[in-house]
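Below, each chain spelled out in residue letters.
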Amino acid sequence: MSEEKFHFEIPKDNIRIVKYDKQGFSPTVQRISHSEHGKKLKTLTQEFITTEFKKKDIEYTNDLFLQLETQEKVTIKSQKQKIENLGFELLSFSTKNESIGTARIEKQKFDEFGKRLDNYIWSPENTGKTYFAPIESISSIPPENKIDEAIDFESDERIEIVINLFNAITSKELLAITNSIEADLRQFSNVVNKRNFKNGVASLHCTIQAKFLPQLATDFSTIKEIKTSQTFVVPQAIPSDALPNPLTINPVKSDSLICVVDSGINKNEIMDNLIKDQLVYINPLSVDCDYNHGTFVASRCVFGDDIDNCLGTHSLNPYCNLIDLSVFGVNASGQIIGPSEFLLRSAIEDTVDKYKDVVKVYNLSLGADFPIKDSEFSDLAKLLDYLSKEYKVLFVIAAGNIRRLLGTFPTDHYSSPLSRIGCPAESLLGLTVGSIAKHTNASALSDVNFVSPFSRKGPGADNGIKPELVAHGGNLINPYADSPRLMTYGISKNGKNLSVDNGTSYSAPIIAQYAQRLFDAYPQSDPNLVKGLLCHFAESRNNHDQLNESELYYVGFGEPIIKRALTAGNHNAAYIYEGQLDQENYQYIGFHIPATLKANEEDTKLRVKITVTYDPPVNPDNDKEYSESRITATLFKNSDTGMKDITISAEDKYNLPWNPIIQFEKTFSRSYSAGFWELRLRLYTRGKVKEDYLQDYSVVIEIIDDNKNTDVYADITNEFSDVYEKIKVTIAA
C-alpha cells in the first residue's frame, strides 16, 4: 500500500492568514417631505395594528409579521441595514417584486418604532430620516401571497396541503400556535398531522377544501405559506434473465452502510444478509411495502453497474451493507401509494437522527414529477440541506425522469420546462445525479456517454449546476421506447431474476456507492471532501449536438472516475486540504509546482485544476437568499517578479455566487515560475449568520502535465518530500 500514489495533504505550515477590510454601501432614498411621508407611515401602521390584533394567534406570539415595501426601483435588499435599524428583521424577499419583503418585529420594538416614527414626523430635523425614508408601505401580509398560486382557492375541491409557519417563531410559542391552527383545520379535515422539523420549519398536513384556505391565511399571521403537498413516484422494473444456479454471494468488502430511501428492499436470497435494519414509513392506506423499485436500486448500490456479469461468473461481489427505509406502499388492490412530502420528511429526519455517526450516504432514487422553479426550494430539499450540514451526511439524489416525449427530440423535448429537475433534486448540499447512456444501437436516441433521453436537466433553483454528476442509467429507442438491451440491470423483487429498467433512479446508486467508497477511504473527512473528489475527478460527458445550452445543465461535471479520486495517475498529482474560513481574514493555501513543469519546457504543459466545496447554512424562510455563505477563490502564480493573480476565462470556470461548488482550471506555458503558488479564499455571509461563524470547506488542487511526458507525482515526491505526506487512505479489501 505504501507504493500507492495517494493524494498529498497540504500541511498547516502552507496556510497563511491576512486580514481584510469590510466595506458596505446602501443608496440614499430621497423624500419631498419627510413629515408627510411619516404621516403616511403612521396611518399605515395604525391600519396594520387594527388588522393584526384581530388575528387568532396574536396572543400566542411575541412577534408581529408584516410586509414592507420600498419605493419603486429601490430594492428592499439594498435598504436592509437601515430598515433593521428600526427594529425589524427582514425574513425574505419577494421573487416577483424586488421592492417587497416579509419582516418580523417584536411587539415591544414595534411600540418603540411608533415613538421613533412620531419623532421623525414632528422633529425639526426629521430625526431618523435615513432609516424611515426607504419605507414606502407597511401592511399585513396579503392572504393570497401566502397561498400557492397553483391552488384555486375558490374551488370546492378537496386538496392535500401543507401549512408551514415562519421559521423565526420560538419553540415555546409553536405549541400554542400549531394547536390553534389544528383546531381550525379539524373543522374541515378528519386527519391533521403536525410536526416541528429539526430545521425550524413547523408544518401541518391535511386534506381540505380549497375554498377554506383564504380565511385560514387571514386568521393566522404566523402562517408563512399554504401549498399543495407533493407526492413522490418511482418506476417499476421488468424481470428478465433468470439468475444462475448456483450463485455465490461473496463477503462484503466494507462493513459500512448505505441507507436506501425507497419502496423497500425485499429480503430475498440475494439481499437478505445485506440488510442490517428495515424501517417502514408508508401511507396508512398501504397493506405492505412495494419492494420492486427499492430492491432494484439497492442492488445497484451494493453490486454496482455490472450486475449482469454474474450470468457468466456465477458470483456477485457486494461492496457494503444496507439500511432499508421503506416509504412506498401498496394498497389492497396492488396500487403503489407514494409518500407525501410531509411523511417523507418525517421518515428521513427520524432515520438520520437514529443513525447519526453510523450512516454517511443516503440514496434517494425518488422524486416529484413537477419541475422546480427559480428561487423556490421544496420543504424536502430544505430539510435535506439542514440534515446534510448538521449531521455531516451526503444525500445522493436522482435528477428525475422525463416520462414522455415532450416534442421533437432532442431540441423541442429539452426546451420544454417539463424537462427540468424535480423535487428534491434542487437540494443545494445534496449531490444530484443524471443519467448517461452506455449502450446504443441504430434506433437509440442517445450515443454512448451522451445524456439519456429521459434524464432531467438543470439548472437548480439558484440557477446553479444541476445535476452535478452522471452515471449509467439506460437509453431509449426512437421515438421514445424501452429496449432491454439498452437498459440497466438490477436484482428483481423475488431475487430469482435480473430486472431491467431505465432511469436516473439507477444512476444515483452508482454514485452513492462511489461516495461510500470515499467515506471509507477518508474516514476523518466530511461530505465537502467527498463531493469535491467526485466532482473534481469526473470526466466530461455530452449533451446532444443539436442543443446549444451548456453541458453543465445536462451532465454537470461529468462521470466520476473513482480510481482517480483515490490515487494519482501517470501524469498528475493532487493536493488536498480541509479547513475553516472566518469572516475577517483571507486564507492563502500554498502548494508547489515541481521544477520539471517550469515555464518554456518543450516537453511539458502545465495545467492547474482546482475544486472548492463547502456547506453553507441555509435559510428556510428566504428562498430568494437561501444560501447564507459563499466563498471566492483566486489563484496566484509564482513569477520572476513575485506572486501574480490569475485571470480565469468564463469557459474554464464554474463559480456561481452562493452556490457551494467552485471549479476552475488554467493552462500555463510561459510567464510563470515553478515552486510555491497560492490559492486565496474569502468568506462572505448574509442572513442570520453570526459574526463568529466558521465555514467548513475542502480544496482539491490538481497539477497536470497535459503533454503526458513527466511523472508529476514522482517529481513532487522527489522535490518536496519534506513538505508533503501522502494522505492515509483506507482501501476496502
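From a predicted model like this one, the values you see are computed outputs, not experimental measurements.

Enquirer: Just to check I follow, could you spell out the sheet that holds strand β22 (residues 431–436) for this structure?
Expert: Within a beta sheet, neighbouring strands are joined by backbone hydrogen bonds and run either parallel or antiparallel to one another. Strand order across the open sheet formed by seven strands is β14-β17-β13-β20-β21-β22-β23, with parallel pairing between neighbours. The sheet is open, and its two borders are formed by β14 (275–280) and β23 (469–472), each paired with just one other strand. Ignoring which end each strand starts from, the neighbouring axes of this sheet average 25 degrees apart. Summarising the sheet, β14 and strand β17 (residues 321–326) pair through five bridges and their orientation is parallel. Its bridge partner lying in β17, V280 is registered against S326.

Enquirer: How do you make sense of the pairing of strand β28 (residues 572–581) when you look at a structure like this?
Expert: As a general feature of sheets, a regular strand has side chains that alternate between the two faces. Counting buried residues along β28, eight of its ten residues qualify, which places the element largely inside the surrounding structure. Inspection of the sheet shows strand β1 (residues 8–9) paired to β28 by two bridges, in the parallel sense. Across the sheet, the residue bridging to E9 is I576, located in β28. By the bridge criterion, ten bridges tie β28 to strand β36 (residues 695–705) in an arrangement that is antiparallel. By the bridge assignment, Q580 is partnered in β36 with D696.

Enquirer: How should the nonpolar core be read in this particular structure?
Expert: M271, L322 and Y522 are the most contacted members of the largest nonpolar core, which totals 65 residues. Of all the elements, helix α13 (residues 508–521) adds the most residues to this core, at nine residues. The contact partners of M271, leaving out residues within four places of it in the chain, are I265, N266, T295, A298, S299, V302, F303 and L322. F8, Y575, V689 and Y724 belong to the second largest nonpolar core, which has 43 residues in total.

Enquirer: Whenever I open this one, the layout of surface pockets confuses me. Can you help?
Expert: Considering only enclosed or pocket space, the second largest pocket measures out at about 1,500 Å³ in volume. What lines the second largest pocket is a set of 46 residues, among which D148, E149, E225, K227 and E376 lie closest to the centre. Those elements giving two or more residues to the lining of the second largest pocket turn out to be β4 (89–93), β5 (100–106), α5 (143–146) and β10 (223–228). For the lining of the second largest pocket, the element with the highest residue contribution is β10, accounting for five residues.

Enquirer: Looking at this structure, how should I read the sheet that holds strand β11 (residues 238–242)?
Expert: Sheet architecture is open: three strands sit in the order β11-β25-β24, paired in antiparallel fashion. Two strands in the sheet have a free side with no partner beyond their single neighbour: β11 and β24 (488–491). Strand-to-strand twist in this sheet, taken as the mean axis angle between neighbours without regard to direction, amounts to 40 degrees. In this structure, β11 lies alongside strand β25 (residues 497–501), joined through three bridges in antiparallel fashion. Its bridge partner lying in β25, I238 is registered against V500. The strands touched by helix α8 (residues 292–303) are β24 and β25; relative to β24, the strand with the most contacts, the crossing angle is about 100 degrees.

Enquirer: What is the right way to read the pairing of strand β8 (residues 192–196) from this model?
Expert: As paired elements, β8 and strand β9 (residues 202–209) share five bridges and run antiparallel to each other. Looking at the pairing, R195 lines up with S203 of β9. Linkage of β8 to β9, two consecutive antiparallel strands, is achieved through a turn of five residues, within which G200 is found at a positive phi near 90 degrees.

Enquirer: Could you clarify how one ought to interpret the environment of P124 in this entry?
Expert: Position of P124 relative to the elements: it lies in the loop between α3 (107–122) and α4 (129–132). For P124, a relative accessible area of 77% translates into the label exposed. Measuring from C-alpha to C-alpha, the distance between P124 and K55 comes to 37 Å, with 69 residues separating the pair along the chain.

Enquirer: For this particular structure, what's the right way to read the packing of α8 against α13?
Expert: A pair of packed helices is characterised by two quantities: the angle between their axes and the separation of those axes. Two numbers describe how α8 lies on α13: the axes approach to 8 Å, and their chain directions differ by 35 degrees. Both α8 and α13 take part in a crossing whose hand is right-handed. Note on element contacts: α13 touches α8 through P509, I510, A512 and Q513, opposite V297, R300, C301, V302 and F303. A breakdown of the residues in the contact of α8 with α13 according to their chemical character gives seven nonpolar, one polar and one charged.

Enquirer: For this particular structure, what's the right way to read the packing of aromatic side chains?
Expert: In this description, a pair of aromatic rings is defined by centroid distance and the angle of the planes. Going through the model one piece at a time under the given rule, you end up with 27 aromatic pairs. When the ring centre of Y586 is taken as reference, the NZ or CZ atom of R680 above it lies at 4.3 Å. In this structure, R682 is placed above the aromatic ring of Y20, and the distance from its NZ or CZ to the ring centre is 3.7 Å.

Enquirer: What should I look at first to understand the state of the cysteines in this one?
Expert: Two cysteines, two sulfur atoms, one covalent bond between them: this is a disulfide. Enumeration according to the criterion identifies zero disulfides in this entry. Free cysteine: C301, not disulfide-bonded; nearest cysteine sulfur from C320 at 7.3 Å.

Enquirer: What am I meant to see in the packing of helix α10 (residues 341–354) against helix α11 (residues 379–391) here?
Expert: Contact geometry of α10 with α11 gives a least axis separation of 10 Å together with a crossing angle of 10 degrees. What the angle tells us is that α10 and α11 run roughly parallel. Residues E341, L344, R345, I348, E349, V352 and D353 of α10 form the contact with α11, whose own contacting residues are D379, L380, L383, L384, L387 and Y391. Grouping the amino acids of the contact of α10 with α11 by side-chain chemistry returns eight nonpolar, no polar and five charged.

Enquirer: How do you make sense of empty space enclosed by the protein when you look at a structure like this?
Expert: Once rolled over the atoms, a probe with the size of a water molecule shows which space is left empty. All chains considered together, the criterion is met by five cavities of 30 Å³ or more. The calculated volume of the largest cavity comes to roughly 140 Å³. A breakdown of the residues in the lining of the largest cavity according to their chemical character gives ten nonpolar, seven polar and three charged. A volume near 70 Å³ is recorded for the second largest cavity.

Enquirer: In this structure, what is going on with the side chain of Q663? I would like to understand it.
Expert: Counting through the fold element by element, Q663 comes out in strand β34 (residues 661–668). Among the polar contacts made by the side chain of Q663, one reaches the main-chain carbonyl oxygen of C535 at a distance of 3.3 Å. Each residue touching Q663, except ones within four places of it in the same chain, is listed here: C535, H536, F557, K609, I610, T611, D652, K653 and Y654.

Enquirer: What am I meant to see in unusual backbone geometry here?
Expert: Backbone geometry follows two general trends: most residues other than glycine have a negative phi, and most peptide bonds adopt the trans configuration. Residue P410 is bonded to the preceding F409 through a cis peptide linkage, with omega at 0 degrees. Within the secondary structure layout, P410 lies in the loop between β21 (394–398) and α12 (411–415). The omega torsion of the bond from C423 to P424 falls at 0 degrees, within 30 degrees of zero and hence cis. Unusually for a residue other than glycine, N463 sits at a positive phi of about 65 degrees. The residue N463 is located in the loop between β22 and β23 in this model. Under the relative-accessibility criterion, N463 is labelled partly exposed at 37%. Notably, S671 is not glycine yet its phi reads approximately 60 degrees, a positive angle. Along the polypeptide, S671 turns up in the loop between β34 and β35 (675–685).

Thresholds applied
Residues numbered from 1 in each chain as written. Predicted model: local features only at pLDDT ≥ 70, side-chain atom pairs only at ≥ 80, totals over all residues. Heavy atoms only, no water. Pairing = 2+ DSSP bridges. Helix = DSSP H or I, 4+ residues; strand = E, 2+ residues; numbered from the N terminus. Axes fitted to C-alpha atoms, helices over the stretch in contact; angles between N-to-C directions. Buried < 20%, exposed > 50% of the residue type's maximum accessible area, 1.4 Å probe, protein only. Core = buried A, V, L, I, M, F, W, Y, C linked by side-chain atoms within 4.5 Å. Contact = heavy atoms within 4.5 Å. 1 Å grid on protein atoms, 1.4 Å probe; cavity = no way out; pocket = protein on both sides within 12 Å on 5 of 7 lines; lining within 4 Å. Points joined across faces, edges and corners; volume = space filled by probe spheres on them. Left-handed = near helix turned anticlockwise from the far one by under 90°. Nonpolar A, V, L, I, M, F, W, Y, C, P; charged D, E, K, R; others polar. Phe/Tyr/Trp six-rings, centres within 6.5 Å; stacked < 30°, edge-to-face > 60°. Lys NZ or Arg CZ within 6 Å of the ring centre and 35° of its normal. Disulfide = S-S within 2.5 Å. Parallel < 35°, antiparallel > 145°, perpendicular 65-115°, else oblique. Polar contact = N/O pair within 3.5 Å; in protein donor to acceptor, adjacent residues only side chain to side chain.

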